[in-house]
Amino acid sequence: MARTIFCRHHEHQQIPHLMTKNLLLDASILLAIASLAGAGYQLAPLLSPKADIALPLSGCNLGRQACVAKLPNGGQVEFSIEPRPIPVLKPLQLQASFQATEVRKVEVDFSGSNMKMGYNRPQLVRQSGSDRFTASASLPICITGSMEWEATVLVDTGKAIFAIPFRFVTGH
């Protein structure tokens, strides 16, 4: 009889111990989820290009030709991607040339028009002594085959950041 009482007493001690262990595990999971949500909130602005002035979508097709856009400050940019047609998973040459505007920094934000394809924003490098910026880049492959892309040229003049969007299609 003493043995039976001992076992029952021992079982009652284990239940609070297991409940405490489960409660700590649940609290740890909730803390991890809250931390991930906070990090996502802080990093979300990196995924969307920040611009002071967003120009309307250009009707020019980068997959066929270099495209020119007038900037609100009176300057202009000519942007091109080669080779054409624009391939996926192959090296691309990006070039942006400017007239009548001071430029501090140029980036190109690539995003899928209808499908999120991840962060892809190369920074172009100024070619010495010129208003021409270049970079190499590549695009991921889309499992559906054809993909419409938006290349948003982000131009930092030191006074404002202009966003100039262009569209093109790959894989057709």
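The shown structure was predicted, so the numbers you read here are calculated from the model rather than taken from an experiment.

A. Examining the nonpolar core more closely. In this structure, Phe 79, Phe 110 and Ile 164 are the most contacted members of the largest nonpolar core, which totals 34 residues. Mapped by element, the contributors of at least two residues to this core are β2 (67-70), β3 (76-82), β4 (92-99), β5 (105-112), β7 (132-137), β8 (147-156) and β9 (161-170). Element by element, the count of residues in this core is highest for β8, at five residues. Residue contacts for Ile 164: discarding those within four places in its chain leaves Leu 55, Ala 69, Leu 71, Val 77, Ala 151, Thr 152, Val 153 and Val 155.

B. Unusual backbone geometry, seen in detail. Cis geometry marks the peptide bond from Glu 82 to Pro 83, where omega comes out at 5 degrees. Note that Pro 83 resides in the loop between β3 and β4. Although it is not a glycine, Leu 89 sits at a positive phi angle of roughly 55 degrees. Along the chain, the position of Leu 89 falls in the loop between β3 and β4. The exposure class assigned to Leu 89 is exposed, which follows from its relative accessible area of 59%. A positive phi angle is found at Ala 100, which is not glycine, with a value near 60 degrees.

The rules behind each value
- Residues numbered from 1 in each chain as written.
- Predicted model: local features only at pLDDT ≥ 70, side-chain atom pairs only at ≥ 80, totals over all residues.
- Heavy atoms only, no water.
- Core = buried A, V, L, I, M, F, W, Y, C linked by side-chain atoms within 4.5 Å.
- Buried < 20%, exposed > 50% of the residue type's maximum accessible area, 1.4 Å probe, protein only.
- Helix = DSSP H or I, 4+ residues; strand = E, 2+ residues; numbered from the N terminus.
- Contact = heavy atoms within 4.5 Å.

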